[in-house]
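# Chains, contacts and geometry: an overview
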Amino acid sequence: KIIGEETDLFAQGYFQYDSKKAGAVTVSHLRFGPGPIRSTYLVGDGEAAFVGCHQPVFLDRYAMLDKARDGAVFLLNSAPPPDRVWHDLPRSMQRKIIAKGLSFYVIDAYAIAERTGMGRRINTIMQACFFAISGILEREAAVARIKEAVRKTYGRKGRALLERTYAAIDAALEGLPR
């Protein structure tokens, strides 16, 4: 929504939902570009410029990096820190990261959510990381737009919730390279 409303780019999303609720998978196929997008379709194998994994348990269950194109970005939510997480990845995933020349980013979104009073809610944290890494919007502009979207969506629920969410966004960005 932010890309479609706050940039000159056209945006389209196609979402695959699992029928289960708890522990279910949602795959978001987000496309954007300078011209209108006139049809819905899944992002194909080798086409994704960005792959994000919000649940590290999915690393062993899904061929997560099949969609990634050469040179894409892979963002992983993981408790082990970046200097240790490599050894926890399945060997097949390590090989794909190397073979495709992926840029690999790691964030412990659950720890940030817990520390900032967000419980287990990490979507906004991961969204902030996406914008910071992707460069679609200038970093400070992206943060301002995310915070404005949070205010519009949750502003009626009280200032404390807004402050916690803003703190989570800021904390997410502190650990990412500029």
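A brief structural summary. In this text the structure is predicted, and so the values were computed from the model without any measurement.

Quick look at the sheet that holds strand β4 (residues 68-77) now. Across the sheet, 3 strands lie side by side as β3-β4-β5; this open sheet has parallel pairing. The strands lining the two open edges of the sheet, one partner per strand, are β3 (48-53) and β5 (103-107). The mean angle between the axes of side-by-side strands here comes to 15°, regardless of whether they run parallel or antiparallel. Sheet analysis places β4 next to β5, joined by 5 bridges and oriented parallel. Across the sheet, the residue bridging to phenylalanine 74 is phenylalanine 104, located in β5. The strands touched by helix α3 (residues 91-100) within the sheet are β4 and β5, with β4 carrying the most contacts at an inclination of about 135°.

So, about the environment of proline 34. Looking at where proline 34 falls in the secondary structure, it is placed in the loop between β2 (26-33) and β3. Given the relative accessible area of 74%, proline 34 is considered exposed. Counting along the chain gives 22 residues from proline 34 to proline 56, while the straight-line C-alpha distance between them is 33 Å. Once residues lying within four places of it in the same chain are set aside, the contact partners of proline 34 are Leu9 and Phe10.

Rules used in this analysis
Residues numbered from 1 in each chain as written. Predicted model: local features only at pLDDT ≥ 70, side-chain atom pairs only at ≥ 80, totals over all residues. Heavy atoms only, no water. Pairing = 2+ DSSP bridges. Helix = DSSP H or I, 4+ residues; strand = E, 2+ residues; numbered from the N terminus. Axes fitted to C-alpha atoms, helices over the stretch in contact; angles between N-to-C directions. Contact = heavy atoms within 4.5 Å. Buried < 20%, exposed > 50% of the residue type's maximum accessible area, 1.4 Å probe, protein only.

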